[in-house]
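Okay, here's what each chain looks like letter by letter:
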Amino acid sequence: MPPLDATDKRILRALQRDGRLQNIELAREVGLSPSPCLRRLKRLEQAGVISGYRAHLDRDRVGLGLTVFVEIKVDRHQDADARALQAAVQAMPEVVAAHIVSGEPDFLLEVVVPDLAHYERLLFDTLLKLPMVKDVRSNFALRRIKLGAALPLSHLPGN
């Protein structure tokens, strides 16, 4: 894929703000006619720059009022254990984000559940039963102050 230019950047910003924009609206907003805009959009999708579209749901309104940041330390640093833990985490629908991190924990998970009882079951029935897990620490979010923000694109060329 050629480097992203200022027009690509405008398309990406507009779609991060509203992924449901029709091509005609998007073209008008970024200053293109519809056909070139659609070609650019398809190129961005095919290159994987745009990896998909989905609705952002309100966690509280769908009954997922508790967010927990879970730090996991593994027992041994072996590729097989890391792959097994990654597969286990990917299979847990409660885990909405997971990262391998540097520092004290090896993995950092963002977990959403309805309440503390649900998290307790996930912790004791699933996470602590994984053989490679040495330690688990839980940090409970008290309040969300920013969620689902658009990616910063200021490092790309153009406006």
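> What is the right way to look at the overall build of the protein chain in this model?
If you tally the helices and strands in the protein chain, you get five helices and four strands. The linear arrangement of helices and strands in the protein chain, starting from the amino end, is α-α-α-β-α-β-β-α-β. For the protein chain, the C-alpha radius of gyration of 20 Å lies well beyond 15 Å, the compact-globule estimate for 159 residues. If you line up the protein chain on its principal axes, its C-alpha atoms span 55 × 40 × 25 Å. Burial analysis of the protein chain (159 residues in total) assigns 30% to the buried set. Partitioning the contacts of the protein chain with sequence separation of at least 6, the portion at a separation of at least 24 is 66%. Surface accessibility of the protein chain: about 10,800 Å² in total, with carbon and sulfur atoms responsible for 53%. A distance of 8 Å separates the average location of the 23 positive side-chain charges in the protein chain from that of its 20 negative side-chain charges.

> Where do I start with the packing of helix H2 (residues 23-30) against helix H3 (residues 34-46) in this structure?
For any two helices packed against each other, the geometry is given by the interaxial angle and the distance between the axes. At their nearest, the axes of H2 and H3 sit 9 Å apart, and the two run at 100 degrees to each other. What the angle tells us is that H2 and H3 run roughly perpendicular. The residues of H3 that touch H2, namely those facing Asn23, Ile24, Leu26, Ala27 and Val30, are Pro34, Cys37, Leu38 and Leu41. Of the residues belonging to the contact of H2 with H3, the class tally is eight nonpolar, one polar and no charged.

> Just checking my understanding: could you explain the packing of helix H1 (residues 6-17) against H3 for this structure?
Two elements in contact, H1 and H3, have axes separated by 11 Å at closest approach and are oriented at 80 degrees. With respect to each other, H1 and H3 are oriented roughly perpendicular. Contact residues: Thr7, Asp8, Ile11, Leu12 and Leu15 in H1; Arg40, Leu41, Arg43 and Leu44 in H3. Here the contact of H1 with H3 is composed, by residue class, of five nonpolar, one polar and three charged.

> Before we go on, may I ask you to explain the nonpolar core in this structure?
The nonpolar side chains of a soluble globular protein tend to be buried with one another. Val70, Ile72, Leu85, Val111, Tyr119 and Leu127 are the most contacted members of the largest nonpolar core, which has 22 residues in total. Top element by residues in this core is strand S1 (residues 66-74). It accounts for five residues. Those residues in contact with Leu85 that sit more than four places away from it in its chain are Ile72, Val74, Phe107, Leu130, Met132 and Val133. Membership of the second largest hydrophobic core comes to 15 residues, among which are Leu4, Leu15, Cys37 and Leu44.

> Just to check I follow, could you spell out the pattern of salt bridges for this structure?
If charged atoms from side chains of opposite charge come close, those side chains can pair. Using the criterion set out here, one finds nine salt bridges in the structure. Ionic pairing is found between Arg43 and Asp8, a salt bridge with its closest N-O pair at 2.8 Å. Note that Arg43 is positioned in helix H3 and Asp8 in helix H1, a separation of 35 residues in sequence. A relative accessible area of 25% means that Arg43 is categorised as partly exposed. Assessed through its relative accessible area of 0%, Asp8 is described here as buried. In this structure, Arg144 and Asp60 form a salt bridge, with 3.0 Å as the shortest nitrogen-oxygen distance. Here Arg144 is found in the segment after strand S4 (133-140), whereas its partner Asp60 is found in the loop between H3 and S1, with 84 residues between them in sequence. Arg144 gets classed as partly exposed once you look at its relative accessible area, which sits at 33%. A relative accessible area of 46% means that Asp60 is categorised as partly exposed.

Rules used throughout
- Residues numbered from 1 in each chain as written.
- Predicted model: local features only at pLDDT ≥ 70, side-chain atom pairs only at ≥ 80, totals over all residues.
- Heavy atoms only, no water.
- Helix = DSSP H or I, 4+ residues; strand = E, 2+ residues; numbered from the N terminus.
- Rg over C-alpha atoms; globule rule 2.2 N^0.38 Å.
- Buried < 20%, exposed > 50% of the residue type's maximum accessible area, 1.4 Å probe, protein only.
- Contact = heavy atoms within 4.5 Å.
- Areas by Shrake-Rupley, 256 points an atom, 1.4 Å probe, with all protein chains shown as cover.
- Lys, Arg positive; Asp, Glu negative; His and termini not counted.
- Charge placed at Lys NZ, Arg CZ, Asp CG, Glu CD.
- Axes fitted to C-alpha atoms, helices over the stretch in contact; angles between N-to-C directions.
- Parallel < 35°, antiparallel > 145°, perpendicular 65-115°, else oblique.
- Nonpolar A, V, L, I, M, F, W, Y, C, P; charged D, E, K, R; others polar.
- Core = buried A, V, L, I, M, F, W, Y, C linked by side-chain atoms within 4.5 Å.
- Salt bridge = Lys/Arg side-chain N within 4 Å of Asp/Glu carboxyl O.

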